Amino acid sequence: MTTTRVLLLEAAGPESHAIATTAAARGYEVFTVTSRERWDGYDTALRNLLTGHLLTDFSSSDQAAKAVVAYARLIKVSAVLTTNEYLTPLCALAAADLGLPGNDPSLALAARNKAQMAARFAAYYVPAPRTLVLDGGCNVEDQIHAAGLSFPVVVKPSEGAGSGGVTIVDWPKALAGAVLDANGQRSMYGALLDGRVLIQEYANGQEYSVESITQDGRTSHLCLTRKLVSEGSNRVEIGHMLPADEDADSTAIFDAASQAIASVGIRNGATHTEVILTPTGECKVVEVAARIAAGNIGHLIRHATGVDPWAACLDVALGRPMQLQRTSDCFATVRFLSANRSGRLVAIHGLPKVSSEIPFVRVRATAGTRVAPPRSNSDRLGCFAVVGNNASDVERRANDLLADIRIEVEPVAKAGDA
Ligand SMILES: Nc1ncnc2c1ncn2[C@@H]1O[C@H](COP(=O)(O)OP(=O)(O)OP(=O)(O)O)[C@@H](O)[C@H]1O
Ligand SMILES: [Mg+2]
């Protein structure tokens, strides 16, 4: 019997870890390609799941593509996949080169770079916020007016992630700071990012995401996720609830997501499409990502519907039929923990205990680390989930548990303080 070998581009992170665990449980050998810096942070449990690894420099995409393909050929992999936002274009290139199921490599950057994505959305009539790509030329306010946009607008980097550098700007005076903020984004691996800044029409409404898997160009939507997002000029996700399919006109949202997915060349793999539904029922697709959702959404899908998204990702990457039948009819929600002031984390008090209704509680910040109110998803300190068979009970329980958690932060003395 031949061994099935899968190559994960970056195995760190909850979603990659879940895929590696699922693959290992199936008896597959799991390999990874990562950077030296990330590898040093792999814990023992993750290292034990892996049969082999290659360290490479992702900051040079040509060199990384050659290294990944050569390694994949050497170890004879049957699948290459990633859950890492920054590595989706590389994954598409490698899969195409190796003749394995993947996405259209010529469009893979459009599923990551929001300037290119806006052009694809426009060409495919995907309902989306109007987008202006700043040209670095004349006054930004003039460019906004010339494009027919008006305040509030959203300023964002072309190739950001985790809501970093995204600002809702209500008036011209705040533009310069927001553009500067959007400009300074770097990739997790130090790669040069597209430095262009986007100005987008502000879409007011409820935010959702559509979790989907595409195989051989046919897309199945697993569910609609309702997003809980913070207020203010720097929006960050503070929780998710699913399935939210009964919430709204999910058919219109699913249709918009299908158009967006097709427009950026998704053929084989998971996608996470973010959509805002306005009070008048219009859908505005904010973005599509060529990977499974982050923020524990995959785990929520598993707990609420019984569908195993990790198994489905593996099957699609291997070119085998995927199983998406729901076997459970529950609801699941996650709440993220964050500091409400800047300082040093002392402790997180009142965390719930894992039980049948609370499938996971995770803390990623350690006492003594510097914390601040969140400006991006990477500022989260931890999270917990609640599952149950009644949507409003699940929401209420999660809110009650969150109210019982106290995050103790001590001030940090400034240099020069007595
Ligand atoms: N055009 C828009 N109209 C209204 N709100 C927006 C718009 N674009 C972005 N936002 C808000 O800012 C958040 C982050 O924006 P966006 O999703 O574009 O950035 P990101 O870096 O890809 O974030 P993430 O990785 O968290 O999805 C969105 O979830 C939404 O709350
Ligand atoms: Mg987003």
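One can find the structure itself at the top, above this paragraph.
Residues numbered from 1 in each chain as written. Chains lettered and ligands numbered in written order. Predicted model: local features only at pLDDT ≥ 70, side-chain atom pairs only at ≥ 80, totals over all residues. Heavy atoms only, no water.

A.B. asks: Which parts of the structure should I look at to understand the sheet that holds strand E4 (residues 79-81)?
C.D. replies: Backbone hydrogen bonds hold the strands of a sheet together, and the pairing may be parallel or antiparallel. What the four strands build is an open sheet, ordered E3-E2-E1-E4; its pairing is parallel. The open sheet has two edge strands with one neighbour each: strand E3 (52-55) and E4. Taken pair by pair, the neighbouring strands of this sheet meet at an average axis angle of 20°, ignoring direction. On top of the sheet, helix H1 (residues 14-25) reaches strand E1 (5-9), strand E2 (29-34) and E4; it is set at about 175° to E1, its chief contact. Across the face of the sheet, helix H11 (residues 309-318) comes into contact with E1 and E4 while running at roughly 125° to E4. (Pairing = 2+ DSSP bridges. Helix = DSSP H or I, 4+ residues; strand = E, 2+ residues; numbered from the N terminus. Axes fitted to C-alpha atoms, helices over the stretch in contact; angles between N-to-C directions. Contact = heavy atoms within 4.5 Å.)

A.B. asks: Even after reading the chapter, I still don't get the environment of Ala 18, so can you show me in this structure?
C.D. replies: Within the element layout of this structure, Ala 18 appears in helix H1. When its relative accessible area of 10% is taken as the criterion, Ala 18 is described as buried. Sequence separation between Ala 18 and Trp 310 is 292 residues; the distance between their C-alpha atoms is 6.6 Å. Residues contacting Ala 18, with those up to four places away along its chain left out, are His 299 and Trp 310. (Buried < 20%, exposed > 50% of the residue type's maximum accessible area, 1.4 Å probe, protein only.)

A.B. asks: Help me understand unusual backbone geometry, please; the structure alone is not making it clear to me.
C.D. replies: Glycine aside, residues mostly have negative phi angles, and peptide bonds mostly take the trans form. Note the cis peptide between Phe 151 and Pro 152, where omega equals 0°. Geometrically, the link from Leu 242 to Pro 243 is a cis peptide bond, its omega value of -10° lying close to zero. Unusually for a residue other than glycine, Tyr 125 sits at a positive phi of about 55°. Given the relative accessible area of 71%, Tyr 125 is considered exposed.

A.B. asks: Looking at this model, I keep getting lost on the coordination of the magnesium ion (ligand 2). Mind explaining?
C.D. replies: Put simply, a metal with four donors set out as a tetrahedron has ideal angles of 109.5 degrees, and one with six donors set out as an octahedron has ideal angles of 90 or 180 degrees. Glu 274 (OE) and Glu 287 (OE) make up the full set of protein donors to the magnesium ion (ligand 2), lying at 1.8 to 2.0 Å. Of the two residues, Glu 274 is situated in strand E12 (residues 269-277) and Glu 287 in strand E13 (residues 283-289); the sequence distance between them amounts to 13 residues. Accessibility expressed as a relative area gives 13% for Glu 274, which makes it buried. (Donors = N, O, S within 2.8 Å, 3.2 Å for Na, K, Ca; no water.)

A.B. asks: Looking at this structure, how should I read the nonpolar core?
C.D. replies: Counting residues in each nonpolar core, the largest one holds 44 residues, and the members touching the most others are Val 6 and Ile 213. Considering every element that reaches this core, the biggest residue donor is H11, with seven residues. Setting aside its immediate chain neighbours within four residues, Val 6 contacts Ala 23, Tyr 28, Glu 29, Val 30, Phe 31, Val 77, Ala 79, Leu 314 and Leu 318. In terms of nonpolar packing, the next biggest core, distinct from the first, is built from 23 residues, Ala 110, Met 117, Ala 257 and Val 288 among them. (Core = buried A, V, L, I, M, F, W, Y, C linked by side-chain atoms within 4.5 Å.)

A.B. asks: Help me out: how do you make sense of the site of ligand 1 in this one?
C.D. replies: Around ligand 1 sit 22 residues in total, of which Lys 114, Lys 156, Gly 162, Glu 207 and Glu 287 are the nearest. Between ligand 1 and Glu 207 there is a distance of 2.4 Å, counted from an oxygen atom to a side-chain nitrogen or oxygen. The contact in question runs from an oxygen atom of ligand 1 to an N or O atom on the side chain of Glu 287, over 2.6 Å. Burial of ligand 1 by the protein amounts to 96% of the accessible area it has alone, namely 600 Å². For the shell around ligand 1, the secondary-structure elements that each account for two or more residues are strand E6 (153-157), strand E8 (197-201), E12 and E13. Residue classes in the shell around ligand 1 are distributed as nine nonpolar, five polar and eight charged. Here the shell around ligand 1 gathers at least three residues from each of two domains, domain 2 (130-201) and domain 3 (205-329). (Near = heavy atom within 4 Å. Polar contact = N/O pair within 3.5 Å; in protein donor to acceptor, adjacent residues only side chain to side chain. Areas by Shrake-Rupley, 256 points an atom, 1.4 Å probe, with all protein chains shown as cover. Nonpolar A, V, L, I, M, F, W, Y, C, P; charged D, E, K, R; others polar. Domains from an automatic or database assignment.)

A.B. asks: Sorry, what's going on with the packing of aromatic side chains here?
C.D. replies: Taken as a whole, this structure holds three aromatic pairs when the rule is applied. Taking 4.9 Å as the distance between ring centres and 50° as the angle between the ring planes, the aromatic pair formed by Trp 39 and Tyr 42 counts as tilted. There is no split in this pair, since Trp 39 and Tyr 42 are both buried. Stacked on the ring of Trp 39, the Lys or Arg Arg 47 has its end atom at 4.3 Å from the ring centre. (Phe/Tyr/Trp six-rings, centres within 6.5 Å; stacked < 30°, edge-to-face > 60°. Lys NZ or Arg CZ within 6 Å of the ring centre and 35° of its normal.)

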